[in-house]
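Spelled out from the first residue to the last, the chains are:
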Amino acid sequence: MQAAARAPTRQRRVLALAAVLLVLLAAFLVVRQVTAEPPRSAECAAAEPGVRIDPAAVPEGPVAGYGGEQLANAAAIVNAAEALGLDTCAQVVGVMTAMGESSLRVLDRGDAAGPDSRGLFQQRDNGAWGSYADRMDPATSATNFFLALQEVPDWQALPPTIAAHRTQRNADPYHYARYWDPAVEVVSTLAGRRVLDPGD
């Protein structure tokens with residue numbers, strides 16, 4: 001009699017345990033779905049870990065029309081991204097953005113849209129980009145750019161020009177697009193190898 005009474009109890013326990021396991025599995029799958037990274041943009045799909053550039057090894061150029069100080073500034077941008085643990089896509093996005101903002105020069109002037117803009121990234125004097133000295137320093141201004149880029153939701157899934165636009169808030173979202181290929185060429189030359197797959 002006792003054995004017969006224990007059987008349903010054991011069966012209920014097994015069923016309860018199975019139900020708990022099913023709930024836990026469902027919760028895991030939901031969390032995984034929510035936290036999964038979105039697919040990367042075509043340009044960023046083949047990104048690799050960031051590269052580090054030896055400043056003493058920067059060529060005089062020209063590379064994609066840029067030379068001398070411009071390439072040294074590009075190396076500072078690349079190294080700032082690498083120091084933050086960012087990949088080659090981020091590095092190219094940074095160089096692309098500075099090409100579009102300043103032609104890779106540390107400018108001590110702004111323009112009609114931003115008379116207080118300064119430096120490689122033409123960062124405004126609004127408190128978001130640090131002091132004047134920060135904005136005029138290639139490594140610091142690049143670091144601040146990359147910190148802001150990482151705040152853009154799913155930036156790696158966006159076309160690079162849109163990721164740059166959402167970071168910089170340029171009036172034209174497609175302003176940076178024409179600088180993507182030159183930026184890939186510059187970063188690849190500085191790295192001594194192709195940094196993104198030729199199929200991007």
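Residues numbered from 1 in each chain as written. Predicted model: local features only at pLDDT ≥ 70, side-chain atom pairs only at ≥ 80, totals over all residues. Heavy atoms only, no water.

**Overview of the overall build of the protein**
Consideration 1: On a plain count of helices and strands, the protein comes out with seven helices and zero strands.
Consideration 2: Moving toward the C terminus, one meets the helices and strands of the protein in the order α-α-α-α-α-α-α.
Consideration 3: Residue burial in the protein is summarised as follows: out of 200 residues, 40% are buried.
Consideration 4: In the form shown here, the protein has an accessible surface area of approximately 11000 Å², with 56% of it arising from carbon and sulfur atoms. (Helix = DSSP H or I, 4+ residues; strand = E, 2+ residues; numbered from the N terminus. Buried < 20%, exposed > 50% of the residue type's maximum accessible area, 1.4 Å probe, protein only. Areas by Shrake-Rupley, 256 points an atom, 1.4 Å probe, with all protein chains shown as cover.)

**Digging into the packing of aromatic side chains**
Consideration 1: Applying the stated criterion across every chain yields a total of two aromatic pairs.
Consideration 2: Between F121 and F145, the aromatic rings sit 4.8 Å apart at their centres with planes inclined by 10 degrees, giving stacked as the arrangement. Taken together, the residues F121 in the loop between helix 3 (88-102) and helix 4 (132-136) and F145 in helix 5 (residues 138-149) connect sequence positions 24 residues apart.
Consideration 3: An aromatic cluster is built from F121, F145 and F146, whose rings are joined through pairwise contacts. (Phe/Tyr/Trp six-rings, centres within 6.5 Å; stacked < 30°, edge-to-face > 60°.)

**A short note on the environment of W155**
Consideration 1: Take W155: it is sitting in the loop between helix 5 and helix 6 (160-168).
Consideration 2: Residue classification places W155 among the buried residues on the basis of a relative accessible area of 8%.
Consideration 3: Non-local contacts of W155, meaning those with residues more than four positions away in its chain, are made with D87, C89, A90, V93, L149, Q150 and A163. (Contact = heavy atoms within 4.5 Å.)

**Re the nonpolar core**
Consideration 1: I77, V95, F146 and V186 are the most contacted members of the largest nonpolar core, which has 45 residues in total.
Consideration 2: For this core, the elements supplying multiple residues, two or more each, are helix 2 (69-83), helix 3, helix 5, helix 6 and helix 7 (180-191).
Consideration 3: Considering each element in turn, this core owes the most residues, eight residues, to helix 3.
Consideration 4: Apart from residues lying up to four places away in sequence, V95 is in contact with A74, I77, V78, L104, A183, V186 and V187. (Core = buried A, V, L, I, M, F, W, Y, C linked by side-chain atoms within 4.5 Å.)

**Notes on the pattern of salt bridges**
Consideration 1: Across all of its chains, the model carries six salt bridges by this definition.
Consideration 2: A salt bridge links D87 to R40, with the shortest nitrogen-to-oxygen separation between them at 2.8 Å. Taken together, the residues span a long stretch of sequence, with D87 in the loop between helix 2 and helix 3 and R40 in the loop between helix 1 (2-35) and helix 2 at a distance of 47 residues.
Consideration 3: Salt-bridge contacts for R52 lead to E82; the nearest nitrogen and oxygen are separated by 3.0 Å. With R52 in the loop between helix 1 and helix 2 and E82 in helix 2, this residue pair connects regions lying 30 residues apart in the sequence. (Salt bridge = Lys/Arg side-chain N within 4 Å of Asp/Glu carboxyl O.)

**Here we look at the environment of D172**
Consideration 1: Following the sequence through the fold, D172 ends up in the loop between helix 6 and helix 7.
Consideration 2: Note: C-alpha distance between D172 and T161 (11 residues apart in sequence) is 9.5 Å.

**Considering helix 2**
Consideration 1: Here helix 2 spans 21 Å end to end across 15 residues, near enough to the 21 Å set by a 1.5 Å rise per residue.
Consideration 2: If you check which residues of helix 2 are buried, you get Q70, L71, N73, A74, A75, I77, V78, N79, A80 and A81.
Consideration 3: Of the residues flanking the end of helix 2, it is G85, one or two places downstream, whose phi is positive at about 80 degrees. (Expected span 1.5 Å × (residues − 1).)

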